[in-house]
Amino acid sequence: MRDLKVTPIKNGTVIDHIPTGMALKVLRVLGITGDVNSTVSVLMHVPSKQRGWKDIVKVEDRELNPKELSKIALIAPDATINIIRNYNVAEKHTVALPDRAVGILRCANPNCITNSREPVESVFLVRSKEPLRVRCQYCDRELEDVAGHIL
Ligand SMILES: [Zn+2]
């Protein structure tokens, strides 16, 4: 029997070590909502040596940009990113949560300048990574539901 878990892809990105249950959030962050041309495979609740269970997302024919990697770091801080070219792992990255999250989160404060019509890019300061706590640089409000406010 073929093991679907190790089915290789020719070109694209494999996002591994996603906390189990977060794969669909990763898809949303990447804008993968059904209207895409590439094949996307989602493996949920896969045994993991490190933490019991994990999710894996494979996106064919697409390499992620730094902004997308920062967004993934917000919901899957231990994720690893494998860039596949011609069936080989060409690059391997761990995602890293930046100290300042620029332009990737929406402030929950409706009166914040970043939510006005001004063209002000949101900036959140990462106060703690474990557990994740971020605060808006402009209005000082701490963001409660980080995953729900990813742009
Ligand atoms: Zn704010």
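Definitions and cut-offs
- Every residue gets a number counted from 1 within its own chain, in the order that chain's sequence is written.
- Local features are withheld for residues below a pLDDT of 70 in this predicted model, meaning they are given only at 70 or higher, and side-chain atom pairs are given and counted only at 80 or more; totals for whole chains, interfaces and linings count all residues.
- Side-chain figures throughout are based on the complete set of non-hydrogen atoms in the structure, without hydrogens or water.
- Think of a 1 Å grid over the protein atoms and nothing else: a 1.4 Å probe that fits but is trapped marks a cavity, an open set flanked by protein within 12 Å on at least five of seven lines marks a pocket, and residues with an atom within 4 Å of a point count as lining.
- Grid points are joined across faces, edges and corners, and a volume is the space filled by probe spheres set on the points.
- Per the convention used, a helix needs a DSSP run of H or I reaching at least four residues, while a strand needs a run of E reaching at least two, with both numbered from the N terminus.
- Residue classes follow a fixed rule: Ala, Val, Leu, Ile, Met, Phe, Trp, Tyr, Cys and Pro count as nonpolar, while Asp, Glu, Lys and Arg count as charged, and any other residue, Gly among them, counts as polar.
- For every domain, the bounds stem from an assignment made automatically or drawn from a database.
- At least two bridges found by DSSP between two strands is the condition for calling them paired.
- Two parts lose some accessible area (1.4 Å probe) when they are put together, and adding that loss for both gives the buried area.
- Whenever a carboxyl oxygen of Asp or Glu lies within 4 Å of a side-chain nitrogen of Lys or Arg, that contact is scored as a salt bridge.
- The classification of residues rests on relative accessible area computed with a 1.4 Å probe and restricted to protein chains. Under 20% of the type maximum is buried, over 50% is exposed, and intermediate values are partly exposed.

Colleague: I'd like a rundown of the layout of surface pockets, residues and numbers included.
Modeller: Looking at the second largest pocket, its volume works out to about 230 Å³. Contributing to the lining of the second largest pocket are 15 residues, with Leu 74, Ile 75, Pro 77, Lys 129 and Leu 132 lying nearest its centre. Among the elements that take part in the lining of the second largest pocket, helix 2 (residues 66–75) stands out by supplying three residues, more than any other. Along the lines of polarity and charge, the residues of the lining of the second largest pocket split into 11 nonpolar, no polar and four charged. Built from parts of two domains, the lining of the second largest pocket gets at least three residues from each of domain 1 (4–94) and domain 2 (100–149).

Colleague: Let's hear about the sheet that holds strand 8 (residues 132–136): which residues, and what values?
Modeller: Pairing in this open sheet of four strands is antiparallel, and the strands run 6-7-8-9 from one edge to the other. Only two strands of the sheet have a single neighbouring strand rather than two, namely strand 6 (100–102) and strand 9 (142–143). Two elements, strand 8 and strand 9, share two bridges in a ladder whose sense is antiparallel. Residue pairing for strand 9: Arg 135 is matched across the bridge by Glu 142.

Colleague: Account for the domain arrangement of the protein chain, with residues named and values stated.
Modeller: According to the domain assignment, the protein chain consists of domain 1 (4–94) and domain 2 (100–149). Placing a centre on the C-alpha atoms of domain 1 and another on those of domain 2 gives a separation of 25 Å. The junction of domain 1 with domain 2 conceals about 630 Å² of combined surface from both sides, 72% of it contributed by carbon and sulfur atoms. Where domain 1 meets domain 2, there are one salt bridge.

Colleague: Outline the pattern of salt bridges, supporting the account with residue identities and numerical values.
Modeller: With the rule as written, the count across this model stands at nine salt bridges. Of the charged contacts, one joins Lys 54 and Asp 16 as a salt bridge, the two residues approaching to 3.1 Å between their closest N and O atoms. Placement of Lys 54 in strand 3 (residues 52–60) and of Asp 16 in strand 1 (residues 12–19) is noted, with a sequence separation of 38 residues between them. On the basis of relative accessible area, Asp 16 is assigned to the buried category, the value being 13%. Among the charged side chains, a network of salt bridges with common partners joins Glu 63, Arg 85 and Glu 91.

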